Amino acid sequence: MALFEQMRANVGKLLRGIDRYNPENLATLERYVETQAKENAYDLEANLAVLKLYQFNPAFFQTGVTAQILLKALTNLPHTDFTLCKCMIDQAHVSSGGEFRGEPHPNPWGILGFRRFSGFNGGDTSTLPFSPKFSLDLPKMQQEERPIRQILYLGELLETCHFQSFWQALYENMELLEGITGFEDSVRK
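Residues numbered from 1 in each chain as written. Predicted model: local features only at pLDDT ≥ 70, side-chain atom pairs only at ≥ 80, totals over all residues. Heavy atoms only, no water.

- The name given to the chain in an unreviewed UniProt entry is EIF3K factor, and the organism recorded there is Catharus fuscescens.

Here is the structure:
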């Protein structure tokens, strides 16, 4: 935790000045996000600054860092941090690609890599949320952005109180939590 506190002080100074949105500071802020994930700490202001820099400089966008920011924001529900973060992500990184040749995709969740949820008791629960399932036939861009869409889906499950579906979807995709310390305990609080 000492490393986090030291970085928090340095980043705090960086965020107070005009350098807040200097793209040269993005590497420092991204390391700070990774430190938050490793040390089970959280700094919304710094995370929002990273997302704002990604808005200003789309070429610097990092899916992994954005995923960590979203996961950390999920741990702070029911506060609005998750909504703030997801609203700052360019739609190009979260769109499902739901339209092909002008026609709606027949299964908009399928393009996201999700399958229908079959329920916990074997009953017909086709109206319940979907649970993630990967498919390898997505174009490269969509495969790279898949973690963001999956985290947005997990957030939707939590925000709509589909807790069992959330935990099942999370356990099927534990690789999303690589590098995130204490996520499950933080979500339960």
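## A word on the packing of helix 2 (residues 26-39) against helix 4 (residues 63-74)
Right, on to step 1. Running from N to C, helix 2 and helix 4 cross one another at 45°; their axes reach a closest spacing of 10 Å. Judged by the angle between their axes, helix 2 and helix 4 are oblique. Crossing hand, helix 2 versus helix 4: left-handed. For the pair helix 2 and helix 4, contact is made by Glu-30, Val-33, Glu-34, Gln-36 and Ala-37 and by Val-65, Gln-68, Ile-69 and Lys-72, respectively.
Right, on to step 2. Residues that form the contact of helix 2 with helix 4 fall into these classes: 4 nonpolar, 2 polar and 3 charged. (Axes fitted to C-alpha atoms, helices over the stretch in contact; angles between N-to-C directions. Helix = DSSP H or I, 4+ residues; strand = E, 2+ residues; numbered from the N terminus. Parallel < 35°, antiparallel > 145°, perpendicular 65-115°, else oblique. Left-handed = near helix turned anticlockwise from the far one by under 90°. Contact = heavy atoms within 4.5 Å. Nonpolar A, V, L, I, M, F, W, Y, C, P; charged D, E, K, R; others polar.)

## Concerning unusual backbone geometry
Trans peptide bonds make up the majority, and among non-glycine residues the majority have a negative phi.
Right, on to step 1. The peptide bond linking Leu-77 to Pro-78 adopts the cis configuration, its omega dihedral lying at 15°.
Right, on to step 2. The backbone of Asn-40 sits at a positive phi, close to 55°, despite the residue not being glycine.
Right, on to step 3. Of the residues examined, Asn-40 reaches a relative accessible area of 35% and is grouped as partly exposed.
Right, on to step 4. A positive phi angle, near 65°, is found at Cys-161, a position not held by glycine.
Right, on to step 5. On the secondary structure map, Cys-161 appears in the loop between helix 7 (140-159) and helix 8 (163-172).
Right, on to step 6. By relative accessible area, which is 51% here, Cys-161 ends up exposed. (Buried < 20%, exposed > 50% of the residue type's maximum accessible area, 1.4 Å probe, protein only.)

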